[in-house]
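Descriptive structure summary
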Amino acid sequence: MTTYVDKSDLRVASSLDQLLNQEILPGLDLDANKIWKGFSDLVHELAPANQALLKKRDDIQAQIDEWHRANPGPIKDMDVYKEFLTEIGYLVPEGYDFSIDTSNVDDEITTIAGPQLVVPVNNARFALNAANARWGSLYDALYGTDVIVNGYGCKRGKGFNERRGARVIARASRFLDMAAPLTDNGLHTEVVEYQLVRNVDVLELRAVLTDGTTRALVSPEKFVGYVGDATNPSSILLKNNDLHIELKIDRDNTTDKQSSAACVQDVVLEAAISTIQDCEDSVAAVDAEDKVLVYRNWLGLMKGTLEETFVKGGKEQTRSLKADRHYIGADEKPLVLHGRSLLLVRNVGHLMTNSGILDRDGNNIPEGIMDALFTTLCAMHDFKNTESNKAIRNSRTKSIYIVKPKMHGPEEAAFTNQLFDRIEDLLGLPRYTMKVGVMDEERRTTINLKECIRAVKNRLVFINTGFLDRTGDEMHTSMEAGPMLPKEKIKEQPWISAYEDWNVDIGLQCGLKGRAQIGKGMWAKPDEMGQMLATKAAHPEAGADCAWVPSPTAATLHAIHYHKVSVEQRQEELSERRRANLDDILTPPLLGDMKLSEEEIQQELDNNAQGILGYVVRWIDQGVGCSKVPDINNVGLMEDRATLRISSQHIANWLRHDICTEAQVIETMKRMAAVVDEQNAGDPCYVPMAPSFDGVAFQSACELVFEGCAQPSGYTEPLLHAYREKAKS
């Protein structure tokens, strides 16, 4: 039972109030009573505006549903459809050209392109792993994944496989040939010694080959520093496309690790340049107790004090934030590089409320408003961390980076801007201290992206495409138009490539190049690193400054793509192309005349149902908001609420248009529940769904499907939160 205290016309959960008074406010020179008074005024002014925006979503959707019922099937006249969307305020007129005007932004946002991690902030171990993933071992990433195949005597086992290790070293050497090529076609695999030699007032790198000849770097400026004695360095630091590469040299082989002929014991890559610490889709936080954990971990990251102790391999370990990295530059002056990923925090969107704080009428306040206050207060501790006090710092420019998801159109972006204005005024922060990332994952935001950016042009630092939520919204928006294609076929339709290109086109047109990130979505198969390495180069090629990866290992491997592709150069090239076609974006991925066999329908239902149940059962019963869930073929997929939204909306759509029956779906859900039970048999905390099928997890999964058409924008949060609260009680 949550206990509350009265604070200026608000009722605040005691646990939140204690967190504020005992952990957040000390050291900030802020008065709690003034904060609660100002926040109460803010809530009672902005919460009704928040609610009005949500009502507008519902009103617009009702009109779109009615239009599709009157005009079923594929859109026959796109001009008529766009006229209709304009009349109802869904599609807004595009204004004059402009460029964003965001200032005081860290280099990780403006000039360094690279991988981006997304991690649930309520899991301290994961949060620390991600924050520390700025630097990653390429040797470990290659050795421990399927990038190096198991055949030809290279199988991974309990002991170290020297043949596999040799393959790793050869692969890393080929990477160096690409990122830091040697003169006269010299190869890094032939290097027996790296030397530093003086050239006027700087040191340069030389490589001695097996035949005794010497090579320089084709681009000498790529050598930027070292560690140790210049005559016998223990590390050599290179730089390519603004990303660093460190060669760890151990001539005495003190670690018993396999080394190259040049005694390179490891190649360390600058990997996760930025990380989104997530309060939203990957987190199951439904009440004050959950939110306290979310805010406390974020606070620890911002103070630099977060630690987590755990047992691994029978030994107790404590993880904390890594320090900055110290080198001697090529000019022989001290060189300090950031030791951690730049941290952004993703607040929740405008939809949900939370019982952690109640308004004067006893209603839950909007959770996004609560997040804005608490995550900003926590982040203000980062401003106390300076070089002089040797504390761990996040932003060197005293900015707070907040990613805002699931906004529908420019009015909602403008509301976020207004909210951030009010929070800054309340906390005495300079205007635009709070930066914003706009996630382009809702159809109404996509088609009005330029005007969404305009609404936050003084604080924008990030836009991205999120195929998963975007597909869920696509299905719900056009629910009444007709049955959707199977999920894999949806990915092949013109709307998705047009959507991806449109995001980059609009971002470049609005001046994001060199000022803000243009991002791409998640690689969802954490065990399929070979496939990722073969395909994810498409993201920097598409002009993305960052792209999401599911693990530190994936970040290290994905960094290779940013060495191959200069995103700055690609954006220059892409800025000359014609903008993507809006008509393609507005074309729903309908089944149309395509006929599906009974077997194809059942396979799709099985796949959807298994994914829904595998994710929901952990969310509801264990409070796990993001996890690797085996799919129907036992391939582990990273699942969060976005993937759940797709699967539940897809079945709801097929039910709505009689592609399947309710009885068929119920039978499928029960059969797949038994499959999911078997997949989780090794989890001692797992509660089986079969054979009774009367648990809250199974009930919630079914309701997500059978009530899918009625869910706001097809979101899963309302039902998940309600059933999780029921499970907790």
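Refer to the structure presented above.
Since this is a predicted model, take the numbers as computed values, not measurements.

About the cut-offs
- Residues numbered from 1 in each chain as written.
- Predicted model: local features only at pLDDT ≥ 70, side-chain atom pairs only at ≥ 80, totals over all residues.
- Heavy atoms only, no water.
- Helix = DSSP H or I, 4+ residues; strand = E, 2+ residues; numbered from the N terminus.
- Rg over C-alpha atoms; globule rule 2.2 N^0.38 Å.
- Buried < 20%, exposed > 50% of the residue type's maximum accessible area, 1.4 Å probe, protein only.
- Contact = heavy atoms within 4.5 Å.
- Areas by Shrake-Rupley, 256 points an atom, 1.4 Å probe, with all protein chains shown as cover.
- Core = buried A, V, L, I, M, F, W, Y, C linked by side-chain atoms within 4.5 Å.
- Patch = residues over 30% accessible without salt bridge, like charges linked within 9 Å, V, L, I, M, F, W, Y side chains within 5 Å.
- Salt bridge = Lys/Arg side-chain N within 4 Å of Asp/Glu carboxyl O.
- Lys, Arg positive; Asp, Glu negative; His and termini not counted.
- Charge placed at Lys NZ, Arg CZ, Asp CG, Glu CD.
- 1 Å grid on protein atoms, 1.4 Å probe; cavity = no way out; pocket = protein on both sides within 12 Å on 5 of 7 lines; lining within 4 Å.
- Points joined across faces, edges and corners; volume = space filled by probe spheres on them.
- Nonpolar A, V, L, I, M, F, W, Y, C, P; charged D, E, K, R; others polar.

**Comments concerning the overall build of the protein chain**
Looking only at helices and strands, the protein chain features 25 helices and 26 strands. Over its C-alpha trace the protein chain gives a radius of gyration of 26 Å, about what one expects of a compact globule, namely 27 Å for 729 residues. Counting all 729 residues of the protein chain, 59% fall into the buried class. Expressed as a percentage of contacts within the protein chain between residues at least 6 apart in sequence, the contacts between residues at least 24 apart total 73%. About 28600 Å² of surface is accessible on the protein chain, with carbon and sulfur atoms providing 48% of the total.

**Brief notes about the nonpolar core**
If you look at the biggest cluster of nonpolar residues, it comprises 98 residues, and the most contacted ones within it are F39, L301, I357, F374 and L377. Broken down by element, this core gets its largest block of residues, 12 residues, from helix α2 (residues 32-70). If sequence neighbours within four positions are ignored, L301 has contacts with V121, A127, L128, A131, Q277, L306, L321 and L343. Core analysis: the second largest hydrophobic core is formed by 52 residues, A180, V191, L209 and V549 among them.

**A short note on a negative patch on the surface**
A surface patch of like charges, here negative, comprises D77, D79, E83 and E87. Of note, E87 is situated in helix α3 (residues 78-87). Residue E87 is classed as exposed on the basis of its relative accessible area, which comes to 65%.

**A few points about unusual backbone geometry**
Across the junction of A690 and P691, the peptide omega takes the value 5 degrees, indicating a cis bond. Relative to the assigned elements, P691 resides in the loop between α23 (662-679) and α24 (696-706). Positioned with a positive phi, E332 is a non-glycine residue whose angle comes to about 65 degrees. Residue classification places E332 among the partly exposed positions, given a relative accessible area of 36%. A positive phi angle, near 70 degrees, is found at Y432, a position not held by glycine. Checked against the element boundaries, Y432 lands in the loop between α10 (410-427) and β21 (434-440). Y432 gets classed as partly exposed once you look at its relative accessible area, which sits at 29%.

**Considerations on empty space enclosed by the protein**
Evaluation of the coordinates by the stated rule reveals four cavities of 30 Å³ or more. Approximately 130 Å³ is the volume found for the largest cavity. Taken together, 16 residues make up the lining of the largest cavity; nearest its centre are E280, V348, M352, R641 and E717. Across the lining of the largest cavity, the residue classes break down as seven nonpolar, three polar and six charged. Each pocket or cavity is described by its volume, and for the second largest cavity that value is around 90 Å³. Lining the second largest cavity are 15 residues, with R340, S341, I392, R393 and N394 positioned closest to its centre. For the lining of the second largest cavity, the secondary-structure elements that each account for two or more residues are α8 (288-303) and β17 (342-346). Split by residue class, the lining of the second largest cavity holds six nonpolar, three polar and six charged.

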